[in-house]
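# What the coordinates show
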Amino acid sequence: MYLPKLISLVLCSTVASAVVPLHENMSTHAMTLNSIRASKDSEPTPFYDALAKALKKRKTKIDNLCPPSDPVARRILEEYGAIFLAHKKVTPPPVCIFTTEEQVTRFQNAAGFESEVIGYDEIELQPEALKKLNKAREEAQKEGLDITPRDGAEAARRNYEESVILWNSRFQPALDYWLSKGRLTEEQVARLRSLPLAQQVAEVLELEKTGVYFSKDLSKSILYSIAAPGTSQHIAMLAFDVTEFENPRVREIMAKHGWFQTVLSDLPHFTFLGLKEKDLPKNGLRSVEINGQMFWIPNVPGIHPGLDK
Ligand SMILES: [Zn+2]
């Protein structure tokens, strides 16, 4: 029942790394600076200031979203946090990390979602996100282009279990690899496999600080390859993986309709913010251009050392 669906479960970033391989070791090494240009626009608002303001409007605060004592949750927030700044017409998740399927189902039902058949695939997104995606598609089609889901229904809404399966698709082979290289012992591997998910994520992020990476190509953080379990913007139903992401005009049309690339290195992945591009800096996001593609990431100095030069 569930299995056939899994076969088509392919990650949005898999091919992306092959297309633009420069993200290797991004978190620890300076990236090729001539291919990266920080925005020359006026200084963007600090992410945490903009976030506090946005959450206040939603009658919540950062500590409810991500406990300050949980460094993993903070790291996730700083990598994937753009969705918490989205337009008030959409509903961001109430937490940085969902921990059960029930919690995800409750959120998804409360936020609401609608579906659309594109080609052979039925995709599901929050209503405003879907409405603007349809507008973008119409505009693209008028120009003889199209915007279609990459790898089927998983291009949009995902559930909790799918996010766990994706995690394991990177975590498990990486353990085997580092064991074979002698960087991890049998005992360490057995222990890591037996840990509860939250601890697994925490330990993986610690190991990555020593160069033991868990992405598909084992050269960068797993967070640039797949989302940690329960953290995907796809769970929030505010993400859509685009087949035609390499077409600059498609990216332009997506941006015009509030859809932006917000996760570094995940090239086909677009996030619905519902904001105008010119307003993103004052909403706590900064732009980073990598090989001609513009990413809008939380403006937190220091989390991407290579980008702060
Ligand atoms: Zn994606």
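The paragraphs below set out a description of the structure included in this document.

The rules behind these values
- Residues numbered from 1 in each chain as written.
- Predicted model: local features only at pLDDT ≥ 70, side-chain atom pairs only at ≥ 80, totals over all residues.
- Heavy atoms only, no water.
- Disulfide = S-S within 2.5 Å.
- Helix = DSSP H or I, 4+ residues; strand = E, 2+ residues; numbered from the N terminus.
- Buried < 20%, exposed > 50% of the residue type's maximum accessible area, 1.4 Å probe, protein only.
- Contact = heavy atoms within 4.5 Å.
- Salt bridge = Lys/Arg side-chain N within 4 Å of Asp/Glu carboxyl O.
- Pairing = 2+ DSSP bridges.

### Points about the state of the cysteines
On inspection of all chains with the given rule, the structure shows one disulfide. With a sulfur-sulfur separation of 1.6 Å, C66 is cross-linked through a disulfide to C96. Taking the sign of the S-S torsion, about -105 degrees here, the bridge from C66 to C96 comes out left-handed. With C66 in the loop between α4 (62-65) and α5 (71-80) and C96 in the loop between α5 and α6 (101-111), this pair connects stretches of sequence that are 30 residues apart. Under the relative-accessibility criterion, C66 is labelled buried at 0%. A relative accessible area of 5% means that C96 is categorised as buried.

### Here's the deal with the side chain of R137
Structurally, R137 can be placed in helix α7 (residues 127-142). In this structure, R137 is in contact with I118, D146, I147 and T148, ignoring residues within four places of it in sequence.

### So, the pattern of salt bridges
For the structure on display, the rule yields 18 salt bridges. Of the charged contacts in the structure, one is a salt bridge between E124 and R157, with a shortest N-O distance of 2.8 Å. Pair noted here: E124 is in strand β3 (residues 121-125) and R157 is in the loop between α7 and α8 (160-180), with a separation of 33 residues, a long-range link. Exposure remark for R157: the relative accessible area of 24% places this residue in the partly exposed category. Across the pair E128 and K131 runs a salt bridge, and its minimum N-O distance is 3.7 Å. Here E128 and its partner K131 are both found in helix α7, three residues apart, which amounts to about one turn of the helix. Accessibility expressed as a relative area gives 11% for E128, which makes it buried. In this structure, a network of salt bridges that share partners links the residues E139, E143, R249, E252 and K256.

### Digging into the sheet that holds strand β4 (residues 239-241)
The sheet built from three strands is open, its strands ordered β4-β6-β5 with antiparallel pairing. Each having just a single partner strand, β4 and β5 (259-260) make up the two edges of the open sheet. Alignment of β4 against strand β6 (residues 269-272), held across three bridges, turns out to be antiparallel. By the bridge assignment, F240 is partnered in β6 with F270.

### Structural notes on the pairing of strand β8 (residues 293-298)
A large share of β8 lies buried, amounting to five of its six residues. Here strand β7 (residues 285-290) runs beside β8; their pairing, made up of six bridges, is antiparallel. Each residue of the ladder has a partner; that of R286, found in β8, is I297. If you look at the hairpin formed by β7 and β8, you'll find two residues sitting between the two strands, and N291 has a positive phi there, around 50 degrees.

### Things to note about unusual backbone geometry
Even without being a glycine, L218 presents a positive backbone phi close to 60 degrees. As for its position among the elements, L218 is in the loop between α10 (197-208) and β4. Backbone geometry places N291, a non-glycine residue, at a positive phi of 50 degrees. By the element assignment, N291 lies in the loop between β7 and β8.

These values are about where atoms sit, not about what they do.
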